[in-house]
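# What the coordinates show
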Amino acid sequence: MPVRPSRARRARLSLLTAGTATLALLATACGGSGAGGSSSAPENFDYLSVTENTTVRTALATMAKGACKEANDALPLKVETVPQASLDQKLQLLAGQDALPVQFAAGNAPALTQQLAKSGKVADLEQKLKDLGVYLQLEPAAISTIKALYGGELRVLPYEYNIEGIFYNKKIFKENGLKVPGTWNELVAAAATLETKGIQPFSASGQQGWPLTRMVSGYLYRSLGPYALQDVADGKAKLTDAQYVKAAEEVAALGKKGYFGKGVGSIDYDTAMNQFLSGKAGMLYMGSWALANISDQKQNKVGAENVGFMPFPAVTGGKGSIDQYLSNVGLGITLGARSFDDKTGDWVSCIARNYGTTALKDHGSISGFKVNTEVKDANEVTTQVRDTISTSKQNVLWFEALFGTKATTVSQQNAAGLVNGSTSPEQFMRIVQDALAAQ
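Throughout what follows, the structure given in this document is the object of discussion. (Residues numbered from 1 in each chain as written. Predicted model: local features only at pLDDT ≥ 70, side-chain atom pairs only at ≥ 80, totals over all residues. Heavy atoms only, no water.)

### Here we look at the overall build of the protein
Of regular secondary structure, the protein possesses 19 helices and 10 strands. Relative to the globule expectation of 22 Å for 439 residues, the C-alpha radius of gyration of the protein, 21 Å, shows essentially globular dimensions. Based on the C-alpha atoms only, the size of the protein along its principal axes is roughly 65 × 50 × 35 Å. Among the 439 residues that make up the protein, the fraction classed as buried is 57%. Taking as baseline every contact in the protein between residues at least 6 positions apart, the subset at least 24 positions apart corresponds to 78%. For the protein, the exposed area adds up to about 17,800 Å²; of that, 48% sits on carbon and sulfur atoms. Here the protein contributes 43 positive and 39 negative side-chain charges, whose respective centroids are spaced 3 Å apart. (Helix = DSSP H or I, 4+ residues; strand = E, 2+ residues; numbered from the N terminus. Rg over C-alpha atoms; globule rule 2.2 N^0.38 Å. Buried < 20%, exposed > 50% of the residue type's maximum accessible area, 1.4 Å probe, protein only. Contact = heavy atoms within 4.5 Å. Areas by Shrake-Rupley, 256 points an atom, 1.4 Å probe, with all protein chains shown as cover. Lys, Arg positive; Asp, Glu negative; His and termini not counted. Charge placed at Lys NZ, Arg CZ, Asp CG, Glu CD.)

The following block contains the structure:
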């Protein structure tokens, strides 16, 4: 991994949350599960998930009836969901009440989970997995990505392991004489061709914001190299520097030309996915978690055989390389320290040994757990992505990965303005940089 968590960065991530009143509550809440807290045997394998992600909870439900039936009989799986936008607030509330569930989706920014860990509310997963004898069931690349995100610690389980890039409609490309773009200029030219043919070039959710900011970071990594955002986190550079603003300008230009379609700011995640899978858009910047949607014949109207995957293109003269992939472990899932007992351990052991196979076999989803049974990929694009992951030599993190909660929210809420023209590239980068400085 090129993003090495330095001591300075760990200190910075702590500072990002130190001044936030709601997070300060986490460290002082009574009855905490740190050194002075008491344990509480759970009655259920309670799992707090987000409404938008159905794959993990569906796979766990499958395992509860099959491979993990014994663990489930002893500690029944019980799922609660909240919208992802409400997750951080929900976690802060539960932590303040010392009522975090056994397993829960980690915060939208790594800084929140790190604060929970500092206050003793998150289990030491590396030690727990080693004690259970299942640490080696995690893929090394997934472990490396998690530690890059969480200050060198294994704080979440890799129910997903994703690389990010651009999915494209192979049929649309062929019918319009387009080759897979290798450079940013070629990507822009391909988008222009599609636009002139009446085909929306890109589908993206401006409502979520992050699909747009991911493109900004993609350009940054290709132009400035794999340490571009680490340099911002370490104070060596600012988002307002000219070479950083350039990345925002390039993505804004796509929006100005109409390449994201109309009303991108009101488009939610599901609508954006549907636009691509119904053939209304030629390309979709997304992570490999989308393979679950692509493999679903009910959702995918264009057919999995017509979907291809390309790396984020090179920037001519840039310091980055197209084989440096943005990677993540999705919305990481962690476990509470207070409720981690033997029955919880049985569940975790079963998950570590079986989740990778279940997710790939039943959902076409790639996780950071090893696949212990030979599974035939659902389609060609899944094979392509798996091969890319196995041969990837260097991975990088997304735009907000090293941001605190406030800056993450500010970035994603203003992303739509960047592409619809209501916020200039300079303003966008200034707003986000100011949010970083204020934390």
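### Some points on the nonpolar core
Core analysis: the largest hydrophobic core is formed by 139 residues, its most contacted members being Phe167, Leu239, Met283 and Tyr355. Here this core gets 8 residues from one element, more than from any other, and that element is helix H16 (residues 342–363). (Core = buried A, V, L, I, M, F, W, Y, C linked by side-chain atoms within 4.5 Å.)

### A look at the side chain of serine 49
Along the chain, serine 49 turns up in strand E1 (residues 45–50). Every residue in contact with serine 49, bar those within four places of it in the chain, is listed here: Arg57, Glu80, Thr81, Val82 and Ala105.

### What about the layout of surface pockets?
Its volume calculated, the second largest pocket comes out at about 300 Å³. Every residue lining the second largest pocket is counted, 17 residues in all, and those nearest its centre are Glu139, Ile366, Ser367, Arg386 and Ile389. Residue contributions to the lining of the second largest pocket peak at 4 residues, all from helix H17 (residues 380–391). In terms of residue class, the lining of the second largest pocket is made up of 8 nonpolar, 5 polar and 4 charged. (1 Å grid on protein atoms, 1.4 Å probe; cavity = no way out; pocket = protein on both sides within 12 Å on 5 of 7 lines; lining within 4 Å. Points joined across faces, edges and corners; volume = space filled by probe spheres on them. Nonpolar A, V, L, I, M, F, W, Y, C, P; charged D, E, K, R; others polar.)

### As for helix H5 (residues 87–96)
Taken together, the buried positions of H5 are occupied by Leu87, Asp88, Leu91, Gln92, Leu94 and Ala95. Along the axis of H5, the buried residues cluster in a sector spanning 170°; they form a single face. At the exit of H5 stands aspartate 98, carrying a positive phi of roughly 55°. (Arc of directions from axis to C-beta.)

### Regarding unusual backbone geometry
For residues that are not glycine, phi is negative in most cases, and the peptide bond is trans in most cases. Positive phi outside glycine occurs at aspartate 98, with the angle close to 55°. Taking relative accessible area as the criterion, aspartate 98 reaches 17% and is therefore assigned buried.

### Some points on the packing of aromatic side chains
Across all of its chains, the model carries 14 aromatic pairs by this definition. Ring centres of phenylalanine 202 and phenylalanine 260 lie 5.6 Å apart, and the angle between their planes is 40°; on these two criteria the pair is classed as tilted. Placement of the pair is phenylalanine 202 in strand E5 (residues 200–203) and phenylalanine 260 in the loop between helix H13 (242–256) and helix H14 (269–277), with a sequence separation of 58 residues. Residue class for phenylalanine 202 comes out buried when judged on its relative accessible area of 1%. Ring geometry for tyrosine 285 versus phenylalanine 312: centroids 6.2 Å apart, planes at 75°, classification edge-to-face. Taken together, the positions of tyrosine 285 in strand E6 (residues 281–287) and phenylalanine 312 in the loop between strand E7 (307–310) and strand E8 (324–328) put the pair 27 residues apart, joining distant regions of the chain. Exposure remark for tyrosine 285: the relative accessible area of 3% places this residue in the buried category. You can call phenylalanine 312 buried: its relative accessible area is 3%. (Phe/Tyr/Trp six-rings, centres within 6.5 Å; stacked < 30°, edge-to-face > 60°.)

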